[in-house]
Amino acid sequence: MTQQDIERIKQLLESPKQIVIVPHKNPDGDAMGSTLGLYHYLKKLNHQVTLIAPNDYPDFLKWIPGDSTVLKHDSQTKESDNLIQKADIIFTLDFNALHRAGNMEPVLAQSRAIKIMIDHHQAPEDFATYVFSDVAMSSTCEMVYHFIDMLEDTKNIDADIATCLYVGIMTDTGSFRFSCTSSHTHRIAANLIEKGANNSQIHNNVYDTNTYEKIQLLGCALSNLKIIPEYRTAYITLTQKELTKYNYKKGDTEGVVNYGLSLNNIVMAAIFIEDKQEGIIKISLRSKGDFSVNEFSRAHFEGGGHTNAAGGKSLLSLKDTVEKFISILPTYYKALNNE
Ligand code: 5GP
Ligand code: MN
């Protein structure tokens, strides 16, 4: 994003506009934190703002300030489409390929609104008028802070905005432990705490509100964990039957893949989750060091993300997906063992 872009956006935001903000499908903490943070900020500038999520998100994010105002496109399609068609500006946050907005893709593609992308994933597509893309950033929330800073307006960050942005920085950095966490990330987190984000409460709201069944499902996942030492790889499977047994709810498997990566000597970890409703196997991949699960997922599982955290999917059965995964590993023998 150039200085000229910033000046143009500043001008654009000087008079009240109809604005829609969109996170990716199956929004996570960073997607909801960044969109809600931007929502509160733009409301303060007297714009008409609506946040439209492609679909629902986990309960552990449903306390974030502004949550009750969020529209869900899959259940509120007409109202959402109308707002998108009328919008002057559409912000797309925490994704960089329109298909990541799920069923919102066509209506977003057709819209003639000025589009502003803020995102930290690799290989951005060229669909937005203004693109703020930085793969070195820990999170889109960190980028929204920078965005407001580029508008020279951090004085307008209040406790609600700070709380929203803190959520995504915390979740996307794994509570400040992943390698995407920089000294700048910590400085911004410190600023957000000074502006009213209650760091301990936020952590508690997101991570210490587990249900008993969710922990039981974790136990099931961990007992399904397999290791392939020669490829320094660990993987977990969860069948639809297992998910149903433990009354699976959206978000219940978030973070489970990291247990594989926590093992001594493991460089890549995967989780394969059967989703009978969507007819896919949802895949999450994590890695350590230079091994790029973004490239691995793009090459084999129709996905992408970051170097050390990516997602993807497979249309094969769970068994065949795992077999495919294992059969690919020899190609990566060197890359996995050179870490
Ligand atoms: P997760 O495994 O937690 O679902 O996702 C890890 C990272 O990869 C996140 O940054 C997420 O946005 C991204 N991601 C997840 N699934 C996909 C996908 O199907 N395609 C792409 N391009 N990115 C994905
Ligand atoms: Mn993110």
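Note that the structure is predicted; figures quoted are calculated from it, not measured. Along each chain, residue indices are assigned from 1 in the same order as the chain's sequence is written. Note on labels: chains are lettered from A, ligands numbered from 1, in written order. Residues qualify for local features only when their pLDDT is at least 70, as the model is predicted, and side-chain atom pairs are given and counted only at 80 or more; totals for whole chains, interfaces and linings, by contrast, use all residues. The basis for the side-chain values is all heavy atoms of the structure; hydrogens and waters are excluded.

Considering the coordination of the manganese ion (ligand 2)
(1) Moving on: The manganese ion (ligand 2) binds to the protein through D30 (OD), D94 (OD), H120 (NE2) and D172 (OD); the donor distances cover 2.2 to 2.3 Å.
(2) Moving on: Coordination shells were defined by N, O and S atoms within 2.8 Å of each metal, extended to 3.2 Å for Na, K and Ca; water is absent from the atom set, which can make sites look incomplete. The sequence pattern describing where the donors of the manganese ion (ligand 2) fall on their chain is D-x63-D-x25-H-x51-D. Placement of D30 in helix α2 (residues 29-44) and of D172 in helix α6 (residues 159-172) is noted, with a sequence separation of 142 residues between them. D172 matches D30 in its accessibility class, with the two residues each being buried. A helix here means a DSSP run of H or I that spans at least four residues, while a strand means a run of E at least two residues long, and both kinds are numbered starting from the N terminus. Working definition: with a 1.4 Å probe on protein chains only, accessible area under 20% of the residue-type maximum means buried, over 50% means exposed, and in between means partly exposed.

A look at the environment of V22
(1) Moving on: Tracing the chain through its elements places V22 in strand β1 (residues 18-22).
(2) Moving on: On the accessibility criterion, V22 (0% relative accessible area) is buried.
(3) Moving on: Placed 211 residues apart in sequence, V22 and T233 show a C-alpha to C-alpha distance of 35 Å.

Brief notes about helix α9 (residues 212-223)
(1) Moving on: An ideal rise of 1.5 Å per residue puts 16 Å on 12 residues; α9 measures up with 17 Å between its terminal C-alpha atoms.
(2) Moving on: Within the span of α9, buried status applies to K214, L217, L218, C220 and A221. Viewed along the axis of α9, the buried residues span an arc of 160 degrees, placing them on a single side of the element. Of the residues in α9, the exposed ones pointing more than 90 degrees away from the buried face are Y212 and S223.
(3) Moving on: Against the buried residues of α9 lie β8 (233-238), α10 (240-245) and α11 (257-261). A helix is expected to span 1.5 Å multiplied by its residue count minus one. In this description, the arc belongs to the directions extending from the helix axis to the C-beta atoms. Should any heavy atoms of two residues lie within 4.5 Å, those residues are considered in contact.

Considering the sheet that holds strand β7 (residues 226-228)
(1) Moving on: Here, strands pair whenever DSSP counts at least two bridges between them. Ordered in space as β7-β8-β9-β10-β12-β11, the 6 strands form an open sheet in which the pairing is mixed. Two strands bound the open sheet, and with one partner strand each, they are β7 and β11 (304-305).
(2) Moving on: Across 6 bridges, strand β10 (residues 280-287) lies against strand β12 (residues 309-314) in antiparallel orientation. Paired with K282 across the bridge in β12 is K313.
(3) Moving on: A fitted line through C-alpha atoms serves as each axis, taken over the contacting stretch for helices, and the angle formed by two N-to-C directions is quoted from 0 to 180°. Lying on the sheet, helix α12 (residues 293-300) is in contact with β9 (268-275), β10, β11 and β12; it crosses β12 at an angle near 15 degrees.
(4) Moving on: Those strands touched by helix α13 (residues 318-328) are β7, β8, β9, β10 and β12, and its axis lies near 175 degrees from that of β8.

Brief notes about the site of ligand 1
(1) Moving on: Taken together, the residues surrounding ligand 1 are R100, H121, K282, S284, R286, G303, G304, G305, H306, A309, A310 and G311.
(2) Moving on: Here a polar contact is recorded for every N or O atom pair within 3.5 Å, except that within protein the pair must consist of a potential hydrogen donor and a potential acceptor, and residues adjacent in sequence are included only if both atoms are side-chain atoms. Contacts to ligand 1 include H121, whose side-chain N or O atom sits 2.6 Å from an oxygen atom.
(3) Moving on: In the environment of ligand 1, a nitrogen atom lies 3.0 Å from a nitrogen or oxygen atom belonging to the backbone of G304.
(4) Moving on: For ligand 1, whose unbound accessible area comes to 490 Å², protein coverage reaches 80%.
(5) Moving on: Gly counts as polar in this scheme, as do all residues outside two lists: the nonpolar Ala, Val, Leu, Ile, Met, Phe, Trp, Tyr, Cys and Pro, and the charged Asp, Glu, Lys and Arg. Across the shell around ligand 1, the residue classes tally to 2 nonpolar, 7 polar and 3 charged. For each residue, the test is whether any non-hydrogen atom lies within 4 Å of the molecule or strand; if one does, the residue is near. Here, Shrake-Rupley sampling with a 1.4 Å probe gives the accessible areas, and only protein chains in the shown set may cover a residue.

As for the packing of aromatic side chains
(1) Moving on: For Phe, Tyr and Trp, rings pair up if their centres lie within 6.5 Å, where Trp contributes its six-membered ring, and each pair is then called stacked (planes under 30 degrees apart), edge-to-face (over 60) or tilted (otherwise). Summed over the entire model, instances satisfying the criterion amount to 12 aromatic pairs.
(2) Moving on: Here the aromatic rings of F91 and F147 are separated by 6.0 Å at their centres, their planes lie at 80 degrees, and the arrangement is edge-to-face. Of this pair, F91 sits in strand β4 (residues 89-93) while F147 sits in helix α5 (residues 140-150); the two residues are 56 residues apart in sequence, bridging distant segments of the chain. The same class applies to F91 and to F147, which are both buried.
(3) Moving on: On the numbers, 6.2 Å between centres and 75 degrees between planes, the contact of Y235 with F272 is edge-to-face. On the criterion of sequence distance, the pair formed by Y235 in strand β8 and F272 in strand β9 is long-range, its members being 37 residues apart. The pair Y235 / F272 is uniform in exposure class, with both members buried.
(4) Moving on: A connected cluster of aromatic rings, assembled from ring pairs, spans Y235, F272, F291, F296, F301, F325 and Y332.
(5) Moving on: A cation over a ring is seen here: K62 above Y57, with NZ or CZ 5.5 Å from the ring centre. A ring has a charge above it when a Lys NZ or an Arg CZ is no more than 6 Å from the ring centre and no more than 35 degrees off the ring normal.

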